[in-house]
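# Close look at the chain arrangement
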Amino acid sequence: MPTWTHFYLIRIQFLGLHYHGWQKQSNLPSIHGAIDNTLEVILKSAPFKTLGCSRTDAKVSAEDYVLELFVKNALIPEQLLHQLNKHLPSDISARAVEPVHEGFNIIQSARTKEYHYYFSFGKKPHPFSSPLMHHIRQELNVERMKLAAGKFEGNHNFRQYTQKPSAEVQLQREILTAHIMPNKYLTSSFIAEDSYAFVVKSSGFLRYQVRMMMSALFEIGRGAWSIEDLVNSLSGNTISRVMHVAPPVGLVLHQVTLDAYKDKV
């Protein structure tokens, strides 16, 4: 096992459409696999290790994802950034590279994660928007959805918003921000003008949690759920309603906030 002596924080962004999430999987393309394949080209025979801040689901994208690189020899951050963007696939780009101290832990240092789920409804949009935004063909009552989204804020039991959690998983989670707003981040001639973003921030999320929260909001927008139904679903009690997982396309990891680390390098 190599002894790592130099450590670097790398921020990337990616379109997840053609990947099966961050984690490496046999015979399936992954973001982690693409990163390591690129670093093998750049570092040649030099040993290295990479560790991501969290997993992402298949087809989920990221505006801001953070990983740590462990190496034995010092690197020049500016040169590594240039080489990454030279060799990475076109749907992954590196935003920044900077050194961190030996005691830095990429997983424990991720203080908050903010996700955006982009959606539109009604008239069918341009096909070019399909890798970035989920479209609902039915009309939605967005004002009711906005009222309901705020009910997620605070400390709640999210047992109904994950699948097959283990006994050790902490189901009580605090949501720092949850609201629906007009989409102002994804803009182009083929993005529907009447599109929206569900913005949610927490220190950590359960598997499928954000997508299931979005699904509940869609049920409210359709009129199948009441806001009271959503509030009851956060009590931790078993409910008879089926909880669906919203499609992964539309979900974007918007920002990862880390604990302070620069003063320790």
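Placed above this text is the structure.
Let me sum up the structure you'll find in this document. (Residues numbered from 1 in each chain as written. Predicted model: local features only at pLDDT ≥ 70, side-chain atom pairs only at ≥ 80, totals over all residues. Heavy atoms only, no water.)

### So, the overall build of the protein
Check the secondary structure of the protein and you find five helices and ten strands. Relative to the compact-globule value of 18 Å for 265 residues, the protein shows a C-alpha radius of gyration of 20 Å, a close match. Taking the principal axes of its C-alpha atoms as reference, the protein extends roughly 60 × 45 × 35 Å. Within the protein, buried positions represent 51% of all 265 residues. Put simply, the protein shows about 13500 Å² of open surface, and 49% of that area lies on carbon and sulfur atoms. Averaged over its 28 positive side-chain charges, the protein has a centre that lies 4 Å from the centre of its 23 negative ones. (Helix = DSSP H or I, 4+ residues; strand = E, 2+ residues; numbered from the N terminus. Rg over C-alpha atoms; globule rule 2.2 N^0.38 Å. Buried < 20%, exposed > 50% of the residue type's maximum accessible area, 1.4 Å probe, protein only. Areas by Shrake-Rupley, 256 points an atom, 1.4 Å probe, with all protein chains shown as cover. Lys, Arg positive; Asp, Glu negative; His and termini not counted. Charge placed at Lys NZ, Arg CZ, Asp CG, Glu CD.)

### Overview of the packing of helix 3 (residues 142-149) against helix 4 (residues 209-222)
Interhelical geometry of helix 3 versus helix 4 gives an angle of 140° and a closest axis separation of 8 Å. Looking at the two axes, helix 3 sits oblique to helix 4. The two elements helix 3 and helix 4 meet at a crossing, and its hand is right-handed. For the pair formed by helix 3 and helix 4, the contact residues are R144, M145, A148 and A149 on the first element and M214, L217, F218, I220 and G221 on the second. (Axes fitted to C-alpha atoms, helices over the stretch in contact; angles between N-to-C directions. Parallel < 35°, antiparallel > 145°, perpendicular 65-115°, else oblique. Left-handed = near helix turned anticlockwise from the far one by under 90°. Contact = heavy atoms within 4.5 Å.)

### Thoughts on the packing of aromatic side chains
On inspection of all chains with the given rule, the structure shows 13 aromatic pairs. Centroid distance Y115 to F205: 5.4 Å. Interplanar angle 85°. Geometry classified as edge-to-face. Here Y115, found in strand 5 (residues 110-121), pairs with F205, found in the loop between strand 9 (195-202) and helix 4; they are 90 residues apart in sequence, far enough to count as distant. Residue Y115 is classed as buried on the basis of its relative accessible area, which comes to 9%. One aromatic cluster is present, built from ring pairs that chain together Y117, F119, F121, Y196 and F218. (Phe/Tyr/Trp six-rings, centres within 6.5 Å; stacked < 30°, edge-to-face > 60°.)

### Side note on the side chain of R211
Mapping R211 onto the fold places it in helix 4. What R211 contacts, discounting residues up to four positions off in sequence, is D57, Y117, H244, V245, A246, P247, P248 and L251.

### Quick look at the nonpolar core
Membership of the largest hydrophobic core comes to 76 residues, with the highest contact counts inside it found for I12, F152, Y161, F198, L217 and L230. The leading source of residues in this core is helix 4, at eight residues. Excluding residues within four positions of it along the chain, I12 makes contact with W22, I31, I35, E63, D64, Y65, L67, I92, S93, A94 and R95. Judged by nonpolar contacts, the second largest core, of seven residues, contains M133, M181, A197 and V199. (Core = buried A, V, L, I, M, F, W, Y, C linked by side-chain atoms within 4.5 Å.)

### Looking at the layout of surface pockets
Put simply, the largest pocket is a space of about 750 Å³. The wall of the largest pocket is formed by 28 residues, among which S54, R55, T56, D57 and R207 lie closest to the centre. Looking at the lining of the largest pocket, the elements with two or more residues in it are strand 5 and helix 4. (1 Å grid on protein atoms, 1.4 Å probe; cavity = no way out; pocket = protein on both sides within 12 Å on 5 of 7 lines; lining within 4 Å. Points joined across faces, edges and corners; volume = space filled by probe spheres on them.)

### A short note on the side chain of S120
Tracing the sequence through the fold places S120 in strand 5. A polar side-chain atom of S120 sits 2.9 Å from a polar atom in the side chain of H135. Ignoring sequence-local partners within four residues, the contact set of S120 consists of P125, M133, H134, H135, I136, A192, D194 and S195. (Polar contact = N/O pair within 3.5 Å; in protein donor to acceptor, adjacent residues only side chain to side chain.)

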